[in-house]
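Geometric and topological summary
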Amino acid sequence: AQSVTQLDSHVSVSEGTPVLLRCNYSSSYSPSLFWYVQHPNKGLQLLLKYTSAATLVKGINGFEAEFKKSETSFHLTKPSAHMSDAAEYFCVRGGATNKLIFGTGTLLAVQP
Amino acid sequence: EPEVTQTPSHQVTQMGQEVILRCVPISNHLYFYWYRQILGQKVEFLVSFYNNEISEKSEIFDDQFSVERPDGSNFTLKIRSTKLEDSAMYFCASSDQGMRQPQHFGDGTRLSIL
């Protein structure tokens, strides 16, 4: 079955340090992959998307992700964390149909 | 920027009662979806809707669930006889195209069944 795995349920970083949120997907035909962010009591906001164009994808708020087929990974990074980045992040894949398949989420804490 | 809007933000209902969750998708979008997130669990797909009919549904979407697009702007999810385990956050989403395209989500409706 198609799936995504988020390797860390919680990540804590200091403000100004790099962020790395890890995601692996089950191998299949070239998937569509997305990162969404959910701030407390808010909906799911699209950060970035990969749909088989450039492997390095830039998103909003300074985030980017790199699609690595050899590693079946799509890790999310940001060079310098900001307090406002504290939220839950979901790695999501498109399946063989229109539905989205969500990872379990990574809660990012940013310490001052 | 256009948004998906959901009402109400919080719904409290007695077990066994019917509930209707409402969504206004982005106006030029053609594909509509419902997802739910039970507290502490992952977001799960419920149903997709295109061209006035269900295009896909999950195992969760049994006979007690139904969806409707009653007019050109609203998209509703009805739960006929609610159960305690229906308590969850329900998200509506829409997209302008189908496969391989991102979906735009509303802020969700928190459904609490007592």
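In what follows, the accompanying structure is described.

**Some thoughts on the state of the cysteines**
All names here are of chain A.
- In the structure shown here, the tally under the stated rule is two disulfides over all chains.
- Cys23 shares a disulfide with Cys91; S-S distance 1.9 Å. Residues Cys23 and Cys91 share a disulfide whose torsion about the S-S bond is about -65°; that sign makes it left-handed. Here Cys23 is found in strand E4 (residues 23–25), whereas its partner Cys91 is found in strand E10 (residues 87–94), with 68 residues between them in sequence.

**Thoughts on the interface of chain A and chain B**
- Between chain A and chain B, the residue contacts involve 24 residues of the former and 18 residues of the latter.
- Of the roughly 1,900 Å² buried between chain A and chain B, counting both surfaces, carbon and sulfur atoms make up 53%.
- Looking at the side of chain A facing chain B, the largest losses of area belong to A:Leu44, A:Asn98 and A:Phe102, adding up to 31% of the total buried there.
- At the junction of chain A with chain B, the criterion picks out two salt bridges.
- Note that A:Lys42 and B:Asp107 form a salt bridge whose closest N and O atoms lie 3.5 Å from each other.
- At the surface where chain A touches chain B, the tally comes to seven residue pairs in polar contact (both at pLDDT 80 or more).
- When residues in the side of chain A that touches chain B are grouped by element, the largest group, four residues, is from strand E5 (residues 32–38) of chain A.
- Grouping the amino acids of the side of chain A that touches chain B by side-chain chemistry returns ten nonpolar, eleven polar and three charged.

**Notes on the side chain of B:Arg36**
- By the element assignment, B:Arg36 lies in strand E4 (residues 31–37).
- Exposure remark for B:Arg36: the relative accessible area of 9% places this residue in the buried category.

**Digging into the sheet that holds strand E3 (residues 19–24) of chain B**
Residue and element names in this part refer to chain B.
- The four strands lie next to each other as E1-E3-E8-E7, forming an open sheet whose pairing is antiparallel. Strands with a single pairing partner mark the edges of an open sheet, and in this sheet they are strand E1 (5–7) and strand E7 (65–68). Direction aside, the axes of adjacent strands within the sheet are offset by 20° on average.

The rules behind the values
- Residues numbered from 1 in each chain as written.
- Chains lettered and ligands numbered in written order.
- Predicted model: local features only at pLDDT ≥ 70, side-chain atom pairs only at ≥ 80, totals over all residues.
- Heavy atoms only, no water.
- Disulfide = S-S within 2.5 Å.
- Helix = DSSP H or I, 4+ residues; strand = E, 2+ residues; numbered from the N terminus.
- Contact = heavy atoms within 4.5 Å.
- Buried area = accessible area lost by both parts, 1.4 Å probe.
- Salt bridge = Lys/Arg side-chain N within 4 Å of Asp/Glu carboxyl O.
- Polar contact = N/O pair within 3.5 Å; in protein donor to acceptor, adjacent residues only side chain to side chain.
- Nonpolar A, V, L, I, M, F, W, Y, C, P; charged D, E, K, R; others polar.
- Buried < 20%, exposed > 50% of the residue type's maximum accessible area, 1.4 Å probe, protein only.
- Pairing = 2+ DSSP bridges.
- Axes fitted to C-alpha atoms, helices over the stretch in contact; angles between N-to-C directions.

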